[in-house]
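# Breakdown of the fold
Next come the chains, spelled out residue by residue.
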Amino acid sequence: MEQTELAVDLLWEKACISLREKTRKSTFEQWFSGIVPIALNEEKVVLGVSDDFFGQWLDDNFSDLMTEAVNEAGGQEYVITFESGHIKKITETELAEAESEPENVSTRTVVANSNKPKHRVENSEAGNIGNNVKFGSSLLSRHTFDNFVVGEANRYAFTVAQTAAVDPGCYNPLYIYGSTGTGKTHLLQAVSNHIMTSHPHARVLYITCEEFLNSYVDSLRNKSHDKFRRSVRNADVLLVDDVHMLAGKTQLQEEFFNTFNKLYHEEKQIILTSDKQPFEIKGLEERLVSRFESGVTSEITPPDIETRLAILKMMQEEHLIKINDEVLFFVASRISCSIRRLKGALMRLVAYSSAMSKCRITIEDAERLLHRLFDEENANKIITIENIQKTVAEHFDLKITDILSSKRPKNIAEPRMVAMYLSRQLTDNSFPDIGRAFDRNHATIMNALKKIPLLCSKNESLRRSVSKLQHQLAN
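Residues numbered from 1 in each chain as written. Predicted model: local features only at pLDDT ≥ 70, side-chain atom pairs only at ≥ 80, totals over all residues. Heavy atoms only, no water.

### Quick look at the overall build of the chain
What counts is decided by this rule: Strands are runs of DSSP state E lasting at least 2 residues, helices are runs of H or I lasting at least 4, and numbering of each runs from the N terminus. Each residue's exposure class comes from its accessible area (1.4 Å probe, protein chains only) as a fraction of the maximum for that residue type: buried when under 20%, exposed when over 50%, partly exposed otherwise. Residue contacts are defined here by distance: any two heavy atoms, one from each residue, within 4.5 Å place the two residues in contact.
Within the chain, the secondary structure is distributed over 21 helices and 10 strands. For the chain, the proportion of its 475 residues judged to be buried stands at 47%. Contacts in the chain between residues at least 24 apart in sequence constitute 73% of all its contacts with a sequence separation of at least 6.

### Digging into the side chain of Ser274
For clarity, the cut-off: Between N or O atoms, a polar contact is any pair within 3.5 Å; within protein, one atom must be a potential hydrogen donor and the other a potential acceptor, and residues adjacent in sequence are included only when both atoms are from side chains.
Summarising the element assignment, Ser274 is placed in strand β9 (residues 269-274). Assessed through its relative accessible area of 0%, Ser274 is described here as buried. Only 3.2 Å separates the side chain of Ser274 from the side chain of His244, close enough to count as a polar contact. Ignoring any residue separated from it by four or fewer positions in sequence, one finds Ser274 in contact with Tyr175, Ile176, Tyr177, Gly178, Lys184, Val243, His244 and Ile281.

### Points about the environment of Val418
Here Val418 lies in helix α18 (residues 410-426). Between the C-alpha atom of Val418 and that of Ala393, which follows or precedes it by 25 residues, the distance is 10.0 Å. The contact partners of Val418, leaving out residues within four places of it in the chain, are Val392, Phe396, Ile452, Leu462, Val466 and Leu469.

### Things to note about the packing of α18 against helix α19 (residues 431-438)
Operational definition: What counts as an axis is a line fitted to C-alpha atoms, over the stretch in contact for a helix, and the angles between N-to-C directions run from 0 to 180 degrees. The sense of a crossing depends on the near helix, which, turned anticlockwise from the far helix by less than a right angle, makes the crossing left-handed and, turned clockwise, makes it right-handed. Residue type decides the class: Asp, Glu, Lys and Arg count as charged, Ala, Val, Leu, Ile, Met, Phe, Trp, Tyr, Cys and Pro as nonpolar, and the leftover types, Gly among them, as polar.
Running from amino to carboxyl end, α18 crosses α19 at an angle of 145 degrees, the nearest separation of the two axes being 10 Å. At the point where α18 passes α19, the crossing takes the right-handed sense. Residues Arg416, Ala419, Met420, Ser423 and Arg424 of α18 lie in contact with α19, whose contacting residues are Phe431, Ile434 and Phe438. The residue makeup of the contact of α18 with α19, split by class, is 5 nonpolar, 1 polar and 2 charged.

### Regarding the confidence of the model for the chain
So the rule is basically this: The pLDDT value expresses, per residue, how confident the predictor is, ranging between 0 and 100.
Looking at the chain as a whole, the pLDDT averages 81, with 85% of positions reaching at least 70. Across the chain, the element-wise mean pLDDT spans from 28 in strand β4 (residues 105-108) up to 95 in β9. Counting interchain partners and residues more than four positions distant, the pLDDT-below-50 stretch residues 94-120 has 52 contacts.

### Digging into the sheet that holds strand β1 (residues 36-40)
The cut-off we apply is this: Only strands joined by at least two bridges in the DSSP assignment are considered to pair.
A sheet is described by the order of its strands in space; here 3 strands give the open sequence β1-β2-β3, paired in mixed fashion. Each having just a single partner strand, β1 and β3 (79-84) make up the two edges of the open sheet. Between one strand axis and the next, the sheet turns through 30 degrees on average, direction left out of account. With 6 bridges connecting them, strand β2 (residues 44-49) and β3 associate as parallel partners. Across the sheet, residue Val45 finds its bridge partner in β3, namely Ile80.

### Some words on the sheet that holds strand β7 (residues 204-208)
Overall, parallel pairing links the 5 strands, which are arranged β7-β8-β9-β6-β10 in an open sheet. In this open sheet, the two edge strands, each paired with only one partner strand, are β7 and β10 (296-299). Geometrically, the sheet is characterised by an average inter-axis angle of 10 degrees between neighbouring strands, direction not taken into account. Inspection of the sheet shows strand β6 (residues 174-177) paired to β10 by 4 bridges, in the parallel sense. Note on β10: the bridge partner recorded for Leu174 is Val296. Those strands touched by helix α7 (residues 209-221) are β7 and β8 (237-241), and its axis lies near 95 degrees from that of β7.

### Brief notes about the pairing of β7
Burial within β7 is extensive, with 5 of its 5 residues counted as buried. Where β7 meets β8, 5 bridges bridge the pair, whose relative direction is parallel. When the bridges of β8 are listed, Thr208 appears paired with Asp241.

### Some thoughts on helix α9 (residues 250-265)
Note the cut-off: Here the expected length of a helix is defined as 1.5 Å per residue gap, with one fewer gap than residues.
Compared with an ideal rise of 1.5 Å per residue, which puts 16 residues at 22 Å, α9 spans 23 Å between its outermost C-alpha atoms and is within 8% of the ideal. Listed as buried for α9 are Leu252, Gln253, Glu255, Phe256, Phe257, Thr259, Phe260, Asn261, Leu263 and Tyr264. Directly after α9, the chain includes Glu267, whose backbone phi takes a positive value near 60 degrees.

### Quick word on the nonpolar core
A general trend in soluble globular proteins is that nonpolar side chains are found buried together. For clarity, the cut-off: By nonpolar core is meant a set of buried Ala, Val, Leu, Ile, Met, Phe, Trp, Tyr and Cys residues that side-chain atoms within 4.5 Å join together.
Counting 50 residues, the largest nonpolar core has Trp12, Trp31, Phe32, Leu58, Met66 and Leu187 as the members making the most contacts within it. Counting residues per element, this core draws most heavily on helix α3 (residues 52-74), which supplies 8 residues. Apart from the residues lying within four places of it in its own chain, the contact partners of Leu187 are Phe145, Phe148, Ala157, Phe158, Ala161, Ile176 and Ile300.

### Quick look at helix α6 (residues 184-198)
In this model α6 runs 21 Å from its N-terminal to its C-terminal C-alpha over 15 residues, within 8% of the 21 Å that 1.5 Å per residue would give. For α6, the buried fraction is high: 11 of the 15 residues fall into the buried class. The complete set of buried residues in α6 reads Lys184, His186, Leu187, Leu188, Gln189, Ala190, Val191, Ser192, Asn193, Ile195 and Met196.

### Comments concerning the pattern of salt bridges
Worth spelling out the cut-off: Criterion for a salt bridge: a side-chain nitrogen of Lys or Arg within 4 Å of a carboxyl oxygen of Asp or Glu.
Under the defined criterion, the tally for this structure stands at 21 salt bridges. When the shortest N-O distance is used, the salt bridge between Lys268 and Glu266 registers 3.6 Å. The class of Glu266 is partly exposed, set by a relative accessible area of 29%. The residue Lys313 makes a salt bridge to Asp325 at a minimum N-O spacing of 3.7 Å. Here Asp325 lies in helix α12 (residues 325-334) and Lys313 lies in helix α11 (residues 305-315), a separation of 12 residues in the sequence. A relative accessible area of 33% places Lys313 in the partly exposed class.

So, in structure tokens, the structure goes:
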């Protein structure tokens with residue numbers, strides 16, 4: 001073995017000791033146990049992972065923790081980089097432990113040729129929970145991965161949800177959030193339908209938070225709480241829609257907390273959706289916020305116009321009456337906040353065409369029939385400098401006071417220029433108006449307008465941030 005290989009092996013072994021102490025056992029096994037130490041020099045540590053997606057996730061979510069552990073192990077500062085295409089070989093000890101697992105496990109993955117963690121979906125008789133999904137009466141079989149239109153706004157959420165469906169337990173918990181009508185429920189139900197098809201004996205429970213609350217209250221009233229608890233806590237896969245509705249309900253949060261803990265420690269897959277990030281849900285206990293944030297969190301933002309057009313085209317496949325592409329593009333360009341609103345617009349056009357026996361709907365027809373929807377969209381799109389400052393500060397994990405301050409470190413100065421740039425791009429305010437809002441002169445605003453495109457051309461991460469912020473604010 002080369003000396004550098006020996007050194008990086010020892011360094012990573014010491015770093016893992018620190019990571020084990022600072023994380024849950026399940027977190028360590030899920031994210032760090034499959035990493036392969038590759039190379040080491042005076043400034044850099046190269047760690048091998050299975051693919052770019054895995055490396056990017058580590059970089060986005062555990063960069064600080066890993067850097068701290070590596071620096072402590074090496075006694076100096078290092079930069080960590082990830083190299084894809086590396087699979088950790090399973091040891092004889094690990095193989096022996098895997099082979100000794102109980103035989104009543106229907107789906108069991110041994111980490112031999114993957115960076116993914118061990119997980120299980122157990123066999124059982126369908127009982128109270130299974131393909132019939134006792135509480136989840138709102139589960140729709142038509143919601144699948146095949147008819148979920150993927151775009152830049154939902155690609156990551158789609159990928160992690162699909163991975164969780166194919167390999168339950170690999171991302172746990174999985175928390176998907178986004179505004180109303182962006183496809184969270186479709187994605188959650190697609191996971192449910194996929195697992196019930198591929199693992200017919202798995203105990204899969206899809207339930208809305210409202211259904212969870214109603215069933216919980218009914219169980220107390222009917223003195224059948226033990227039955228309710230068994231039904232929920234015996235699930236192999238628990239999928240809960242709209243968990244923000246737990247807010248302010250102390251007794252229900254206690255029940256959910258205990259349910260979550262039991263399933264989590266048994267390595268059962270948990271997937272949650274909400275319209276907010278966990279820390280943004282007012283009235284949600286800190287211990288639940290911590291649990292929800294302990295796994296993979298993914299945002300779905302409103303779809304771009306190409307995705308909206310694709311959604312409309314897919315939706316109209318269900319109808320005999322077809323709307324021409326010109327009108328569909330017109331509708332997609334005018335409605336951007338909600339997929340549900342897009343669907344409602346299409347239904348109105350189809351219904352009008354059918355009722356009036358009109359073969360061809362024109363843009364003028366669409367304008368007349370959908371003007372109220374368009375007015376609602378416009379009302380939601382009023383962009384102010386204050387809103388831009390707030391959104392940029394949140395994106396870069398800063399306070400608005402940082403954006404407005406005279407501080408000049410790069411991590412503050414750059415986001416400040418981004419906010420100035422977007423204020424000019426997305427509002428009708430003049431340079432002096434924007435300058436007053438930032439307590440700067442108009443020349444500073446003009447400089448930001450010139451500098452940000454130049455910085456974006458050299459910094460892909462900044463370019464993506466600016467693009468995401470533009471889309472977030474405009475939609």
